[in-house]
Amino acid sequence: MGIFSSTKRRGKKMMTCVCCNKPPDENKKQTKKRKTKWSWRIRKERKKKKNGLKSLVGNISFRSNSDKHRSAANEILRVGNENIAARVFKFQELAAATKNFSTSNLLGEGGFGRVYKGCLEGTNEVVAVKQLDRNGFQGNREFLVEVLMLGLLHHQNLVNLLGYCADGDQRILVYEYMPLGSLEDHLLDLSPNKKPLDWYTRMKIAVGAAKGLEYLHDIANPPVIYRDLKASNILLDEDYNPKLSDFGLAKLGPIGDKTHVSTRVMGTYGYCAPEYALTGQLTKMSDVYSFGVVFLELITGRRAIDIKKPTNEQQLVHWAEPLLRDKRKFVQIADPLLKGKFPIKSLYQALAVAALCLHKEASSRPLIGDVVTALQFLINPSNDTAEDSEQSIPEKSSPSNSEIEREIVGNDNVLI
Ligand SMILES: Nc1ncnc2c1ncn2[C@@H]1O[C@H](COP(=O)(O)OP(=O)(O)OP(=O)(O)O)[C@@H](O)[C@H]1O
Ligand SMILES: [Mg+2]
């Protein structure tokens, strides 16, 4: 419809539709009829989806705090109005897609269950299928929040939830497939035959992750506090573009003048902001702290918590603290796998941003939007001058104090 050609009818120049040769009036009537039919269908579909999610909220049982969880879920539903889109999959469909959840399709395993690679019959769409552990009901809240949150939030740096399956006691989430897996696989669990991430890819991943957070904090309305930023929750597409995943712990943020929401402390040890761990008061700044930890992991190649290291090096932030206080030691912080291939000025700027995000005082941490702005300068090699470009640091040797002093541009304050 819509494309018209000119023909002469009873001496009058008339417009007829190229596909059905009917005059526009007739066509209009039909289009109107069809439109009404379509909009009725769309409304019905939307209603079905909304009711589907509503009944999902109603039918899912929680072992504890049932009313609290249900009202939290209803709140997300209310905020989402009719705009929460999530496809409902049949268990059989997903079993067929994953060859009966075969171990040969296993992509990984986390605290809530296993993730399989799948191929949907009919469309051949490649997907990631997360089957939540059915031992108990503790995953129900996370399952529901994930379905509702990800149905509501859409951004290029957030993983796309395609749908879910809640047949019987099955709780399964279906996501877009991220071919390069998680940041953890490329940074912290690097197999010996894999090439380490170069400096600019690390900065690109940091900027993308920060942009995902910026969307949650500053664009989503009401804002969302992610609560679970860590290397294993940053997934990578074929070009190393990062997407945040796992929204089961996400919280609708404070509304109006409120600066925090009170909640049970959850998240992952090592990434958790100290004030949140102490008081349970969750703010956007708790996410900024977790971002600081991930950013430090990207710079150092060290895990937030690594129990295989000597005691004083097990907690990344504690290990880095004294080094960040001494400019002469900045270079020692960089991941040895980078082999000195990074612009030294960028390293200092990156460390300055990480240190600010990790500030003990939540109110002294930067807003994530400002972090994005600061990091944008670090992803483009053309911003680096010849003298601070790669190889400026000889492998396995530290530059003299005076060299470092010269390299630090306008940044002579202590970082922590
Ligand atoms: N959409 C996806 N595409 C490709 N691989 C994925 C996808 N989602 C998850 N994975 C893989 O599955 C692994 C396990 O993910 P999962 O989120 O279950 O656990 P986790 O993040 O390691 O731990 P936690 O349960 O604490 O979040 C990831 O590390 C990643 O390698
Ligand atoms: Mg995860």
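Residues numbered from 1 in each chain as written. Chains lettered and ligands numbered in written order. Predicted model: local features only at pLDDT ≥ 70, side-chain atom pairs only at ≥ 80, totals over all residues.

Trainee: Talk me through the overall build of the protein chain; I want residue IDs and the actual numbers.
Mentor: A tally of helices and strands in the protein chain yields 13 helices and 14 strands. Within the span of the protein chain, comprising 416 residues, buried residues form 38% of the whole. Considering only intrachain contacts with a sequence separation of at least 6, the fraction spanning at least 24 residues in the protein chain is 66%. (Helix = DSSP H or I, 4+ residues; strand = E, 2+ residues; numbered from the N terminus. Buried ≥ 20, exposed ≤ 12 C-beta atoms within 10 Å, placed from the backbone. Contact = placed C-beta atoms within 7 Å.)

Trainee: Now, about the site of ligand 1: what can you tell me, with residues and values included?
Mentor: Residues in close proximity to ligand 1 total 22 residues, the closest being Gly 108, Gly 110, Gly 111, Ala 128 and Ser 232. Broken down by secondary-structure element, the contributors of at least two residues to the shell around ligand 1 are β4 (106-110), β6 (126-132) and α5 (183-187). A per-element tally of the shell around ligand 1 places β4 first, with four residues. Of the residues that constitute the shell around ligand 1, the class distribution is nine nonpolar, eight polar and five charged. (Near = placed C-beta within 6 Å. Nonpolar A, V, L, I, M, F, W, Y, C, P; charged D, E, K, R; others polar.)

Trainee: So what's going on with the sheet that holds strand β5 (residues 113-119)? Which residues, and what values?
Mentor: Strand order in this open sheet of six strands is β3-β7-β8-β6-β5-β4, and the pairing throughout is mixed. For this open sheet the edge positions go to β3 (87-88) and β4, each flanked by a neighbour on one side alone. Taken together, the four bridges between β4 and β5 define a ladder with antiparallel strand orientation. Across the sheet, residue Gly 110 finds its bridge partner in β5, namely Gly 113. The strands touched by helix α4 (residues 140-152) within the sheet are β6, β7 (161-165) and β8 (172-176), with β7 carrying the most contacts at an inclination of about 145°. (Pairing = 2+ DSSP bridges. Axes fitted to C-alpha atoms, helices over the stretch in contact; angles between N-to-C directions.)

Trainee: Break down unusual backbone geometry for me, citing the residues and quoting the values.
Mentor: The amide bond that connects Asn 221 to the next residue, Pro 222, takes the cis arrangement and shows omega of 0°. Mapped onto the elements, Pro 222 comes out in the loop between α6 (199-219) and β9 (224-225). In this model, Arg 227 sits at a positive phi of 70°, which is unusual for a non-glycine residue. Among the structural elements, Arg 227 can be located in the loop between β9 and β10 (234-236). Here the phi dihedral of Asp 246 falls at roughly 70°; this positive angle occurs in a residue that is not glycine. Tracing the sequence through the fold places Asp 246 in the loop between β11 (242-244) and β12 (251-252).

Trainee: Before we move on, could you go through the nonpolar core and cite the residues and values that matter?
Mentor: Judged by nonpolar contacts, the single largest core of 98 residues is most densely connected at Val 174, Ala 210, Phe 291, Phe 295 and Ala 354. Of the residues that make up this core, three or more belong to each of domain 1 (66-176) and domain 2 (183-408). Residues in contact with Phe 291, not counting those within four places in the same chain, are Ala 209, Ala 210, Leu 213, Leu 229, Cys 357, Ile 368 and Val 371. (Core = buried A, V, L, I, M, F, W, Y, C linked by C-beta atoms within 7 Å. Domains from an automatic or database assignment.)

Trainee: Account for the packing of α6 against helix α8 (residues 284-300), with residues named and values stated.
Mentor: Viewed as axis vectors pointing N to C, α6 and α8 meet at an angle of 170°, and their least axial separation amounts to 10 Å. With respect to α8, the axis of α6 lies roughly antiparallel. Residues Arg 202, Ile 205, Ala 206, Ala 209, Ala 210, Leu 213 and His 217 of α6 pack against Lys 284, Asp 287, Phe 291, Val 294, Phe 295 and Leu 298 of α8. (Parallel < 35°, antiparallel > 145°, perpendicular 65-115°, else oblique.)

Trainee: Can you lay out the pairing of β8 for me, pointing to particular residues and giving the numbers?
Mentor: Burial within β8 is extensive, with four of its five residues counted as buried. In this structure, β6 lies alongside β8, joined through five bridges in antiparallel fashion. Considered in β8, the bridge of Lys 130 is made with Leu 173. Judged from the four bridges that link them, β7 and β8 form a sheet pairing that is antiparallel. From the neighbouring strand, Gly 163 faces β8, where its bridge partner is Val 174. Hairpin connection of β7 to β8: six residues between the antiparallel strands, including Gly 168 at a positive phi of 55°.

Trainee: Describe the environment of Lys 230, and please don't skip the residues or the numbers.
Mentor: Locating Lys 230 in the fold gives a position in the loop between β9 and β10. Taking C-alpha positions, Lys 230 is 10.0 Å from Tyr 269, a pair spaced 39 residues apart along the chain.

Trainee: Tell me about α4, and name the residues and values.
Mentor: The end-to-end C-alpha distance of α4, which contains 13 residues, comes to 18 Å, matching closely the 18 Å that a straight helix rising 1.5 Å per residue would cover. Of all the 13 residues making up α4, 13 are buried; the element is thus mostly covered by neighbouring parts of the structure. (Expected span 1.5 Å × (residues − 1).)

Trainee: Can you tell me about α6, naming the residues and giving the values?
Mentor: The end-to-end C-alpha distance of α6, which contains 21 residues, comes to 29 Å, matching closely the 30 Å that a straight helix rising 1.5 Å per residue would cover. Buried residues dominate α6, accounting for 17 of its 21 residues.

Trainee: Can you tell me about the environment of Phe 291, naming the residues and giving the values?
Mentor: Tracing the sequence through the fold places Phe 291 in helix α8. According to the C-beta neighbour criterion, Phe 291 is buried, with 26 such atoms within 10 Å.

Trainee: Mind laying out the packing of α6 against helix α12 (residues 368-376), listing which residues take part and the relevant values?
Mentor: Each pair of packed helices can be described by the angle between their axes along with the distance between the axes. Orientation of α6 relative to α12, taken along the N-to-C sense of each, is 155°, at an axis distance of 8 Å. The orientation of α6 relative to α12 falls into the category roughly antiparallel. The crossing of α6 and α12 is left-handed. Within the contact between the two elements, α6 uses Met 203, Ala 206, Val 207, Ala 210, Lys 211, Leu 213, Glu 214, His 217 and Asp 218 and α12 uses Ile 368, Gly 369, Val 371, Val 372, Leu 375 and Gln 376. Looking at the contact of α6 with α12 residue by residue, the classes come out as nine nonpolar, three polar and three charged. (Left-handed = near helix turned anticlockwise from the far one by under 90°.)

Trainee: An account of the environment of Leu 173 is needed here, citing residue identities and associated values.
Mentor: Tracing the chain through its elements places Leu 173 in strand β8. When the 28 C-beta atoms within 10 Å are taken as the criterion, Leu 173 is described as buried. Separated by 45 residues in the primary sequence, Leu 173 and Ala 128 have C-alpha atoms spaced 8.2 Å apart. If we skip the residues at most four places from it in the chain, Leu 173 touches Lys 130, Glu 146, Leu 161 and Tyr 164.

Trainee: Any details on the confidence of the model for the protein chain? Residues and values, ideally.
Mentor: Mean pLDDT over the protein chain works out to 79, with 69% of the residues at or above the 70 mark. Of the regions scoring below 50 in pLDDT, residues 1-24 engages in 26 contacts with residues more than four places distant in sequence or in other chains. With pLDDT under 50 throughout, residues 391-416 is counted as low confidence; its partners more than four residues away or in other chains account for 39 contacts. (pLDDT = per-residue confidence, 0-100.)

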